[in-house]
Amino acid sequence: MQMRKLGQQGLEVSALGLGCMGMSDFYGSRDEAESVATINRALDLGVTFLDTADMYGVGANEELIGRVVRTRREWVVVATKFGNVRGPDGSFRGVNGHPDYVRQACDASLKRLGLDVIDLYYQHRVDPGVPIEDTVGAMSELVAAGKVRYLGLSEAAPETIRRAHAVHPISALQTEYSLWSRDVEAEILPTVRALGIGFVPYSPLGRGFLTGQFTKPEDLAEGDSRRMHPRFQGAAFAKNLDLVAAIKEMAAAKRCTPAQLALAWVLAQGDDVVPIPGTKRRSYLEDNLGALEIVLDADALARIDAVLPPGSAEGMRYPAVSMATVDQ
């Protein structure tokens, strides 16, 4: 397994991580046995970086990961997040970055995970009502207390990242990035690189769209949250299929799958980039890991950029209410 460094504080992880959200929430039905098998298979194949959050399944995803990781703890890097608050019924109750909540959320995550320390602890969304210095200050106290090893942010704006990093070194920024979500290239990536912060793209396969598995909105199961995303609806869905057709054509020329091409492109953006494609099935996991064998030279990258430049995708990447919480 190829390894990559995140930040300058000593954090090293596999070049591809595993996003575990869909195992417990948002993307249709659950299959706990297959999810456990998928996590174990990822670890067997050298994946060391598992991504979760306290909001996924209202804590259930952390519990799931904890049951597996506790038996194989020595070399697994567990990343989790706080800040998006949900009620017991799953209802969203806003974003909380208050110091007392930070400490409370960390203790709750440690209990669910069954671990003594969280390897990488992200603020899931920035709370605009709390100075980032106060939130990161509380996170820094968790590092001093030995409850957290490294700190991260998610979907934070450049100035917020700079202010946070001045309080305590930030090792990783997690933000959506893929062939159809390239906004970070304008300001976010230059900012984290100037500060020596690693970059962790989530949804590097466009929430599965770029794999080519969806041909119509009805392919998404009832209750799948992607049905509410603008890019998966109506005319936008149809237009975005053109992007997938282009990816399929280029993948065929490289003798790889569309998912492998899309992931190989993200991996090629720099050694400080560690994508975390999510899946709850072993077959998709193994296909994703095949991206590590795909080499895209300068000519191939130029062709991809020409076909899929920034702004190619039709529609916002989240519904409006969720877009209001990103880039804060």
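Shown above is the structure to which this text applies.
Here's what I pulled together on the structure shown here. Here the structure is a predicted model, which is why all the values come from computation and not from measurement.

In total, this model carries eight aromatic pairs according to the counting rule given. Measuring from ring centre to ring centre gives 5.0 Å for F209 and F237, while their planes differ by 70°; the resulting arrangement is edge-to-face. Of this pair, F209 sits in the loop between β11 (198–202) and α7 (234–254) while F237 sits in helix α7, and the two are 28 residues apart along the sequence. Both rings, one in F214 and one in F232, keep their centres 6.3 Å apart while their planes meet at 70°; by these two values the pair is edge-to-face. You can see F214 sitting in the loop between β11 and α7 and its partner F232 sitting in the loop between β11 and α7, a full 18 residues away along the chain. In terms of burial, F214 and F232 fall into one category: buried. Among the aromatic residues, ring-to-ring pairing joins W180, F209, F214, F232 and F237 into one connected group.

Attention now moves to unusual backbone geometry. Of note in the backbone geometry, V58 takes a positive phi value of approximately 50° without being a glycine. Tracing the backbone through its elements, the reader meets V58 in the loop between β4 (49–51) and α2 (60–69). On the basis of relative accessible area, V58 is assigned to the partly exposed category, the value being 35%. Even without being a glycine, E155 presents a positive backbone phi close to 55°. Looking at the element boundaries, E155 is found in the loop between β9 (148–154) and α5 (158–167).

On the basis of which strands lie adjacent, the open sheet formed by seven strands has the order β3-β4-β5-β8-β9-β10-β11 and parallel pairing. The strands lining the two open edges of the sheet, one partner per strand, are β3 (18–19) and β11. Helix-sheet contacts for helix α4 (residues 132–144) involve β5 (77–82), β8 (118–123) and β9, and the interaxial angle to β9 is about 155°.

With that out of the way, let us pick up α5. The complete set of buried residues in α5 reads P158, T160, I161 and A164. Axial view of α5: buried residues confined to an arc of 155°, hence all on one face. The inward-facing, buried residues of α5 contact α4, β9, β10 (172–176) and α6 (188–195).

A volume near 220 Å³ is recorded for the second largest pocket. Forming the walls of the second largest pocket are 14 residues, and the residues nearest its centre are D183, V184, I188, R317 and D327. For the lining of the second largest pocket, the class distribution of residues is six nonpolar, two polar and six charged.

At a minimum axis distance of 9 Å, the contact between α5 and α6 shows a crossing angle of 15°. With respect to α6, the element α5 is oriented roughly parallel. Handedness of the α5/α6 crossing: right-handed. Here α5 contributes P158, I161, R162 and H165 to the contact with α6, which in turn contributes I188, T191, V192 and L195.

On to the pattern of salt bridges. A complete count under the given rule lists 23 salt bridges for this structure. A salt bridge links E32 to R67; the nearest nitrogen and oxygen atoms lie 2.5 Å apart. Residue E32 is located in helix α1 (residues 32–44), and its partner R67 is located in helix α2; the two are separated by 35 residues in the primary sequence. According to the relative accessible area criterion, E32 is partly exposed, its value standing at 47%. Taking the relative accessible area as the measure of exposure, R67 reaches 39% and is therefore partly exposed. Across the pair R163 and E133 runs a salt bridge, and its minimum N-O distance is 2.8 Å.

What follows deals with the pairing of β10. A regular strand places its side chains on the two faces of the sheet in alternate fashion. Counting buried residues in β10 gives five out of five residues, a clear majority hidden from the surface. What you see with β10 is no split at all: A172, Q174 and E176 on one side and L173 and T175 on the other are buried throughout. In this view, the connection linking β9 to its parallel neighbour β10 by way of α5 has right-handed handedness. Sheet topology places β10 next to β11; five bridges connect them, and they run parallel.

What follows is about the pairing of strand β1 (residues 3–6). Across the two faces of β1 the burial differs, with R4 and L6 buried and M3 and K5 not buried at all. Bridge count between β1 and strand β2 (residues 11–14): four bridges; the pairing is antiparallel. The partner of M3 across the bridge, within β2, is S14. A loop of four residues connects β1 with β2, the two strands running antiparallel in sequence, and G7 in this loop sits at a positive phi of about 75°.

Reading the values: rules and limits
- Residues numbered from 1 in each chain as written.
- Predicted model: local features only at pLDDT ≥ 70, side-chain atom pairs only at ≥ 80, totals over all residues.
- Heavy atoms only, no water.
- Phe/Tyr/Trp six-rings, centres within 6.5 Å; stacked < 30°, edge-to-face > 60°.
- Helix = DSSP H or I, 4+ residues; strand = E, 2+ residues; numbered from the N terminus.
- Buried < 20%, exposed > 50% of the residue type's maximum accessible area, 1.4 Å probe, protein only.
- Pairing = 2+ DSSP bridges.
- Contact = heavy atoms within 4.5 Å.
- Axes fitted to C-alpha atoms, helices over the stretch in contact; angles between N-to-C directions.
- Arc of directions from axis to C-beta.
- 1 Å grid on protein atoms, 1.4 Å probe; cavity = no way out; pocket = protein on both sides within 12 Å on 5 of 7 lines; lining within 4 Å.
- Points joined across faces, edges and corners; volume = space filled by probe spheres on them.
- Nonpolar A, V, L, I, M, F, W, Y, C, P; charged D, E, K, R; others polar.
- Parallel < 35°, antiparallel > 145°, perpendicular 65-115°, else oblique.
- Left-handed = near helix turned anticlockwise from the far one by under 90°.
- Salt bridge = Lys/Arg side-chain N within 4 Å of Asp/Glu carboxyl O.
- Right-handed = clockwise from strand over helix to strand, strands pointing away.

These results come straight from atomic positions and should not be treated as a statement about function.
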